[in-house]
Amino acid sequence: MEVNLKPTSDYKQLSLEDTFKLLEATENGLTGVEVNDRLNKFGYNKTEEKKKNPIVQFVSRFWGPMPWLLEFAMILSFFLSHEVEGIIIFALLVINAIIGFMHTRGSQKAVELLKQRLAIEAKVLRNGEWSLIESSEVVPGDIIVVKLGDIIPADAKILSGELSIDESALTGESLPVESKSSDVVYSGSVVRQGEARCMVINTGANTYFGRTAELVKIAKPKSHQEEIMMAIVKYMMYLGIAAAIVVSAYALIIHDSVLLILTFTVIFLMGAVPVALPAVMTIVQAVTGIKLAEEGVLVTRLDSIEDAASISILCLDKTGTITQNKLSVVDSVPFPGFSKENVASYAKLASRAEGMDLIDTAIIEYANNKGVNHAADKQIEYTPFNPAIRRTEAIIESGDIKYRVVKGAAQVIIPMCKNVDKTLMDLANKSIHEFSQKGYRTIAVAKSKDGKLDDLILAGLLPLADPPRPDSKTMIEEAKKLGVKSIMLTGDNISIAKEIAQQVGLGNNIIKLKDIEGLTPEEQIKVVNGISGIAEIYPEDKYKIVKLLQSEGFLVGMTGDGVNDAPALKQAEMGIAVSNATDVAKASASVVLTESGVSEIVEGIKRSRETYQRMLTWVINKITKVIQVVGVLTIGFFMTRQMVLSLLGMSLLVFANDFVTMSLATDNVKHTDDPNKWDIKNITFASLVIGVLLVIQGIIAIIIGRDYFHMNLKMLQTFMMLTLVFTSQFRVLIVRERKYFWESFPGKALMASTTISILLFGLLVFYGIFVSPLTLTQVLVSLVFSALFTFAIDIPKYLAFRRFGL
């Protein structure tokens, strides 16, 4: 047997006879042997995802440039018999590994949910007999039966029967699709009406649904957080290594011991490596995530909080995001002899709520909102929608009189009516044309004369649409104020797209995807930058558009609700699933809205920019500290020919600076009105200005300790450690504010941690715990000197921040 599959779309043009030949199948179904052969060849009807060993994932946290540097420093510490310092470094490594591991587990949730979605039963004809099997065992060529309420288990071609299919989760199209013999139906869509016998044409990853799963597996946004961390490590290590080489060369010239040189190397490594940066970033993001959760925004991928600050383009899926993914009657258009209320009443009488038909539900809701009252009319007979006749109808009893009401496609109902002359036909066609220009679907409503069930009279028309969410327009306007451009993406036709875009304030500059196909990426970007939406696209196109924008350096937000949005949601830096999204969309997204509406999207962007400001403070503080410490240690060695900071002192300084400043997670900050971008080069130059001034401060502190207080080496090392600790606390208070430090008050947690650190280290040094003790006067001199000098450099800090655009 040599069965070769084609893409699902190719089967649309094939006749049933050619499809049977291609798949080497018959109407009597496959045999057991054929099924086994096809399972071996095509695999099971499910998506495959390689599972990662959690132990391997955790251990990998100790592998990489930053862990290597710390591990080297730890080994050197033990080698030099500095066990306490070695244990401290080990603790830092483990803390970072645990935090990173906890927040990255489960990154493949989307594919797992896709696999669960496929785990349904299917009624299959095999060996001439019908049986229920797991949908995962369905193979190309199988004959299946689907009916009302069933989820289509695989892509299939209808052999007989007619179906009304809900494909909204796949295509984003709100209206049901009518399918008949020889049409193709897709895996994951839901049967709303009818029953049909079908032949399976594609399974697993080859289906429309499975291709979405494959895209979700492939989709992965570039980790901007990782890029930032590595850039910081690179800059800091360049400085640390250069200083270590200079000091080591000088130490060898003056014949210092190798052990001293190795100790210096460890101190430089601890001072240069941003030990707690991964942990701090995670904590800051987690705190923001908790705040967003309280506002109805659930963050499932923490680094997306930081990325959202830089988003400049927001791609909005139309159906279910901009709109409600809920059919609604826009208006009623009565014809002569009838009123708007009559049209709504007759349409409601031709509907039934129990069937949960989307159109019936919309009509009943519209009539109820209009206050339509037909208590005297009783529905005594009802014929539900049938794709063959494309209408619903009912026999109504009103007192002693019976009459018939009918509603359905205008092109079906109008020819059935006896009162339609040329004038009425022109009037109806004009209305239908106007509605189609707006992208509305038109339903015609007719009623028979009293007592006559066959003489139908055209009563009026009902245009149906998927209306925008009440807050969509406001959200788009607010995003624009924040410098974020909104682009609508939809699989609907361009008329519907233009109408919705105008209603929500996007304008009507909408194009079809085919308008940019064949252009170079540069030309495509140029076109996309000038439009407000793209219509008539497929799921993989949304994913490609997000990738295209990212390839040009844009950070992209993407909103959606359906399976068709899942790949783009996962690929975007900030994928946002609305509250009524499918499980797959929610699992793929990095942010899930837990309440109806989309206004929280803007709140999420604002919060993310606040997070950016907190992280920017931490990064500036860290870079400045490294410049200060490396500079002071290097110059101090040339001045004293000794280490002016002990290895234990550096370990304590790391805790004081890196971990106490975790309180920045709740600091008071203001968001910017424009997207934020990490410019490590400018951040470094701005930090260099502060760092150089603090190096001067450190040199003065050495002179004070050595020449004024006449301290021995141990006391000088304690004095320098204390001065650097005090400075680190005051430094945070000036770099947290982009203007002058007094223009905003620090958060309570930051003030508390700063106060506690100053008191704790002051007492630790005064009582000589772990270190050589200092007098109260020496402690106070260190405190006052650090405060005065640090706050004095706030003016050059402000000028540097303004010069480098911070």
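Keep in mind that what you see is a predicted model, and the values were worked out from it rather than measured.

*Asks:* Looking at this structure, I do not really get the overall build of the chain. What am I missing?
*Replies:* The helix and strand inventory of the chain stands at 30 helices and 22 strands. Looking at the chain as a whole, 56% of its 806 residues qualify as buried. Of all intrachain contacts in the chain linking residues separated by at least 6 positions in sequence, the fraction that spans at least 24 positions is 73%. For the chain, the accessible surface area stands at approximately 33500 Å², while carbon and sulfur atoms represent 58% of it.

*Asks:* So what exactly am I meant to see when it comes to the packing of aromatic side chains here?
*Replies:* Both the distance between ring centres and the angle between the ring planes are used here to describe each pair of aromatic rings. Per the counting criterion, the structure on display carries 16 aromatic pairs. Judged by centre distance (5.0 Å) and plane angle (80°), the ring pair of Phe-766 and Tyr-767 falls under edge-to-face. On the basis of relative accessibility, which here comes to 34%, the residue Phe-766 falls in the partly exposed class. The exposure class of Tyr-767 is exposed, given its relative accessible area of 57%. When the ring of Phe-785 is compared with that of Phe-789, the centres are 5.9 Å apart and the planes differ by 50°; the resulting orientation is tilted. Linking Phe-785 with Phe-789, this pair stays in helix 29 (residues 776-792), spanning 4 residues, or about one helical turn.

*Asks:* Can you walk me through the pattern of salt bridges in this structure?
*Replies:* As a working rule, side chains carrying opposite charge can pair if their charged atoms are close by. With the rule as written, the count across this model stands at 15 salt bridges. A salt bridge links Lys-418 to Asp-455, with the nearest nitrogen and oxygen atoms 3.1 Å apart. With Lys-418 in the loop between helix 16 (410-413) and helix 17 (422-437) and Asp-455 in the loop between strand 15 (441-448) and strand 16 (456-465), this pair connects stretches of sequence that are 37 residues apart. Exposure remark for Lys-418: the relative accessible area of 61% places this residue in the exposed category. Within the structure, one salt-bridge network assembled from shared partners comprises Arg-391, Glu-393 and Arg-404.

*Asks:* Would you mind showing me how to read the sheet that holds strand 17 (residues 485-489) here?
*Replies:* Hydrogen bonds between backbone groups are what pair the strands of a sheet, and the pairing can be parallel or antiparallel. The 8 strands are arranged 8-22-21-20-9-17-19-18 in an open sheet whose pairing can be described as mixed. Each having just a single partner strand, strand 8 (297-299) and strand 18 (510-512) make up the two edges of the open sheet. Sheet twist, expressed as the mean angle between neighbouring strand axes with direction ignored, is 20°. Inspection of the sheet shows strand 8 paired to strand 22 (residues 591-593) by 3 bridges, in the antiparallel sense. Residue pairing across strands places Val-297 opposite Leu-593, the latter belonging to strand 22. Lying on the sheet, helix 19 (residues 494-503) is in contact with strand 17, strand 18 and strand 19 (533-535); it crosses strand 18 at an angle near 160°. Each of strand 9 (313-317), strand 17, strand 18 and strand 19 touches helix 20 (residues 521-529); the most contacted strand, strand 17, lies at about 105° to it.

About the thresholds
Residues numbered from 1 in each chain as written. Predicted model: local features only at pLDDT ≥ 70, side-chain atom pairs only at ≥ 80, totals over all residues. Heavy atoms only, no water. Helix = DSSP H or I, 4+ residues; strand = E, 2+ residues; numbered from the N terminus. Buried < 20%, exposed > 50% of the residue type's maximum accessible area, 1.4 Å probe, protein only. Contact = heavy atoms within 4.5 Å. Areas by Shrake-Rupley, 256 points an atom, 1.4 Å probe, with all protein chains shown as cover. Phe/Tyr/Trp six-rings, centres within 6.5 Å; stacked < 30°, edge-to-face > 60°. Salt bridge = Lys/Arg side-chain N within 4 Å of Asp/Glu carboxyl O. Pairing = 2+ DSSP bridges. Axes fitted to C-alpha atoms, helices over the stretch in contact; angles between N-to-C directions.

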